[in-house]
Amino acid sequence: MLFEYLDPTYIKMKLDNLDISLSSLRDAIRGADNRTLTDIYNIGNSIYSRLDVALGTRASESTLSALSGKFPSATALSDTLANPSTTVIGSALLGFDGTNWRRMRSDANGRLRINAEVVANPPNLDVALSTRASESTLSAIKAQTDKLTFDTANRLAIQNPPNLDVALSTRASESTLAGIKSQTDKLSFDANNRLAIQNPPNLDTALSTRASESTLSSFSGKFPSASALGDALGNPTTTVIGSALLGFDGTSWGRVAVRALDVVGSTGRALATVNFLTPSRMPYMVENINVGTTESSTSIAAPGAKILVLRNKGDVDILIGINASVPATNPMKVKARTIKVIPFSGVTAVYYKTATGSSTLDIEWYN
Amino acid sequence: MSYEIPIPKLEVLKEKPLDSVKLMEYLNTNGFNPIAVSVDNNLGKVLIYFDKPLTTTKSKKLLELVDDFVKKHLG
């Protein structure tokens with residue numbers, strides 16, 4: 001019989017390596033959930049039962065890493081999200097009818113077919129569509145807008161309206177109106193918006209100091225109504241006005257003189273007048289004019305004689321024409337040895353002759 | 001002052017007597033302003049009256065004018 005014994009020292013040395021009690025080890029193996037080996041077996045068995053294919057047939061790290069690389073990093077969704085670089089994933093659009101999911105239909109162009117059972121009016125669709133502009137109305141508007149023309153810069157071409165008959169540049173500019181405004185800004189108004197006007201220089205006294213309506217009316221009442229002057233004018237009822245009689249001498253006006261003398265039996269003042277035949281120039285005479293049967297004449301410078309004196313110094317009658325030839329019938333005669341004085345304003349020619357024989361004539365004149 | 005100027009062709013003058021008015025106008029037109037002009041168609045002379053004597057030059061001019069007027073009238 002062979003006995004093998006272990007060296008106790010050796011055993012002790014090995015036992016010294018057991019630094020934990022078996023109960024502590026048991027508790028440590030059970031962990032925080034106090035799982036027994038049976039629990040672990042059951043979990044492992046459950047996992048194992050699901051490992052129905054070899055792990056090598058499943059996605060490797062590199063495959064998953066490549067798949068992950070096809071998606072961008074997670075970011076918060078927002079309206080301003082930039083266009084992401086990501087893979088494309090197809091999705092089947094389904095709709096739930098309350099019991100089953102059903103595929104949503106599209107037309108051949110991929111547009112979703114919608115047959116809404118009930119469509120709620122959106123908040124801003126607040127009136128019936130039929131109350132809005134119809135196709136015909138908009139077509140009519142389009143027909144009008146089609147007539148609009150535009151220039152190359154898409155600016156609407158506008159025909160000058162009739163009353164815009166001159167270029168705007170010919171009308172008052174801003175500077176002109178600003179100038180006017182600067183003047184009108186100077187205008188001042190009273191509380192009733194009436195324009196305040198400075199008394200003009202010639203309005204040098206208050207209006208109230210001038211003749212009033214009543215004064216002028218009273219003054220007017222002192223004169224009769226205007227009427228045509230005539231010889232048979234009735235005695236008017238009027239005020240008496242003194243007048244200073246003036247006369248015009250061709251250059252200036254002067255007072256007409258009167259003289260105190262006997263007028264209809266008593267001394268009165270009579271207007272001093274000068275007869276238009278009163279001579280005012282040097283008198284002249286032409287003497288010893290031979291007068292025969294052939295008509296001769298003597299001209300007198302303007303303004304002519306006012307008083308003409310004809311003296312026949314011969315023994316034959318002299319036939320006379322004043323300012324014209326001796327009349328053929330009944331001419332005026334200055335009988336032989338007589339003197340004829342003729343007042344005649346403006347004698348500028350004396351014509352004379354005898355019927356027979358000859359005589360001698362003197363002519364005097366005053367003008 | 002008077003100036004007496006004889007007129008020739010007395011026989012023609014009786015047929016076509018001179019008119020003192022026309023002679024006065026002619027003299028006025030030519031710068032003379034006599035007081036009176038007297039024409040004697042019987043004796044054939046003209047008497048022209050001025051308020052002042054004429055200068056020698058003017059009196060010669062007067063003679064020429066009257067002569068010219070008579071020639072135009074009598075031909």
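Only a predicted model underlies this, so the values are computations on that prediction, with no experimental measurement involved.

**Student:** An account of the overall build of chain A is requested, with residue identities and associated values reported.
**Tutor:** If you tally the helices and strands in chain A, you get seven helices and 14 strands. The buried share of chain A, taken over its 367 residues, is 12%. In chain A, 60% of the contacts between residues at least 6 apart in sequence involve partners at least 24 apart. Counting only carbon and sulfur atoms, one obtains 56% of the accessible surface of chain A, whose full area is about 30600 Å².

**Student:** Break down the sheet that holds strand E8 (residues 296-300) of chain A for me, citing the residues and quoting the values.
**Tutor:** If you trace the seven strands from one edge of the open sheet to the other, you get E11(A)-E10(A)-E13(A)-E8(A)-E2(B)-E3(B)-E1(B), paired in antiparallel fashion. Looking along the sheet, the strands with just one partner apiece sit at the ends: strand E11 (332-334) of chain A together with strand E1 (2-6) of chain B. When the angles between neighbouring strand axes are averaged without regard to direction, this sheet yields 20°. Examined bridge by bridge, E1(B) and strand E3 (residues 45-49) of chain B share five bridges and lie antiparallel to one another. Counterpart to Glu4(B) in the pairing with E3(B) is Leu47(B).

**Student:** Quick rundown of the nonpolar core? Include the residues and the values.
**Tutor:** Ranked by internal contacts, the top residues of the largest apolar core, which has 22 residues, are Leu27(B), Val37(B), Ile48(B) and Leu62(B). For this core, the secondary structure elements donating two or more residues are E1, helix H2 (20-29), strand E2 (36-40), E3 and helix H3 (56-74) of chain B. Here the element with the most residues in this core is H3(B); it accounts for six residues. Apart from residues lying up to four places away in sequence, Leu27(B) is in contact with Phe32(B), Pro34(B), Val37(B), Ile48(B), Leu62(B), Leu65(B) and Val66(B). Of all hydrophobic cores here, the second largest spans 21 residues; its members include Leu310(A), Val334(A), Ile35(B) and Ala36(B).

**Student:** Run through the sheet that holds strand E7 (residues 284-291) of chain A, naming residues and quoting values.
**Tutor:** All names here are of chain A. An order of E7-E14-E9-E12 is seen for the four strands of this open sheet, with the pairing classed as antiparallel. Each having just a single partner strand, E7 and strand E12 (339-347) make up the two edges of the open sheet. Strand-to-strand twist in this sheet, taken as the mean axis angle between neighbours without regard to direction, amounts to 25°. With six bridges connecting them, strand E9 (residues 305-312) and E12 associate as antiparallel partners. Residue Leu310 lies in a different strand from E12, and its bridge partner there is Lys340.

**Student:** Now, about the pairing of strand E14 (residues 359-366) of chain A: what can you tell me, with residues and values included?
**Tutor:** All names here are of chain A. Buried residues dominate E14, accounting for six of its eight residues. The sheet contact formed by E7 and E14 spans six bridges and is antiparallel. Bridging from a neighbouring strand, Asn290 pairs with Thr360 of E14. Relative to E14, E9 runs antiparallel, the two being bridged by six bridges. When the sheet's bridge partners are listed, Leu308 is paired in E14 with Trp365.

**Student:** Which residues make up the interface of chain A and chain B, and what values do they have?
**Tutor:** Across the boundary between the two partners, chain A contributes 19 residues, which contact 19 residues of chain B. Across the chain A/chain B interface, buried area totals approximately 1400 Å², and carbon plus sulfur atoms make up 48% of it. Looking only at chain A, the three residues that lose the most surface to chain B are Asn290(A), Thr294(A) and Ser299(A), adding up to 37% of its buried area. Inspection of the region where chain A meets chain B yields zero salt bridges. Our enumeration of links across chain A and chain B arrives at 14 residue pairs in polar contact (both at pLDDT 80 or more). If you list the elements that add at least two residues to the side of chain A that touches chain B, you get E7, E8 and strand E13 (349-353) of chain A. By residue class, the composition of the side of chain A that touches chain B is ten nonpolar, eight polar and one charged.

**Student:** Tell me what's going on with the pattern of salt bridges, and back it up with residues and numbers.
**Tutor:** All names here are of chain A. Counted according to the given criterion, the structure contains 14 salt bridges over all chains. A salt bridge links Asp151 to Arg155, with the shortest nitrogen-to-oxygen separation between them at 2.8 Å. Among the charged side chains, a salt-bridge network with shared partners connects Arg311, Lys313, Asp362 and Glu364.

**Student:** Please give an account of the packing of H2(B) against H3(B) that cites residues and values.
**Tutor:** Residue and element names in this part refer to chain B. Running from amino to carboxyl end, H2 crosses H3 at an angle of 130°, the nearest separation of the two axes being 11 Å. As summarised for this structure, H2 and H3 are arranged oblique, according to the angle between their axes. By crossing handedness, the relation of H2 to H3 is classed as right-handed. Contacts between H2 and H3 involve Lys22, Leu23, Tyr26 and Leu27 from the first element and Leu62, Leu65, Val66, Asp68, Phe69 and Lys72 from the second. For the contact of H2 with H3, the per-class residue count stands at seven nonpolar, no polar and three charged.

What counts, and where the lines are drawn
- Residues numbered from 1 in each chain as written.
- Chains lettered and ligands numbered in written order.
- Predicted model: local features only at pLDDT ≥ 70, side-chain atom pairs only at ≥ 80, totals over all residues.
- Heavy atoms only, no water.
- Helix = DSSP H or I, 4+ residues; strand = E, 2+ residues; numbered from the N terminus.
- Buried < 20%, exposed > 50% of the residue type's maximum accessible area, 1.4 Å probe, protein only.
- Contact = heavy atoms within 4.5 Å.
- Areas by Shrake-Rupley, 256 points an atom, 1.4 Å probe, with all protein chains shown as cover.
- Pairing = 2+ DSSP bridges.
- Axes fitted to C-alpha atoms, helices over the stretch in contact; angles between N-to-C directions.
- Core = buried A, V, L, I, M, F, W, Y, C linked by side-chain atoms within 4.5 Å.
- Buried area = accessible area lost by both parts, 1.4 Å probe.
- Salt bridge = Lys/Arg side-chain N within 4 Å of Asp/Glu carboxyl O.
- Polar contact = N/O pair within 3.5 Å; in protein donor to acceptor, adjacent residues only side chain to side chain.
- Nonpolar A, V, L, I, M, F, W, Y, C, P; charged D, E, K, R; others polar.
- Parallel < 35°, antiparallel > 145°, perpendicular 65-115°, else oblique.
- Left-handed = near helix turned anticlockwise from the far one by under 90°.

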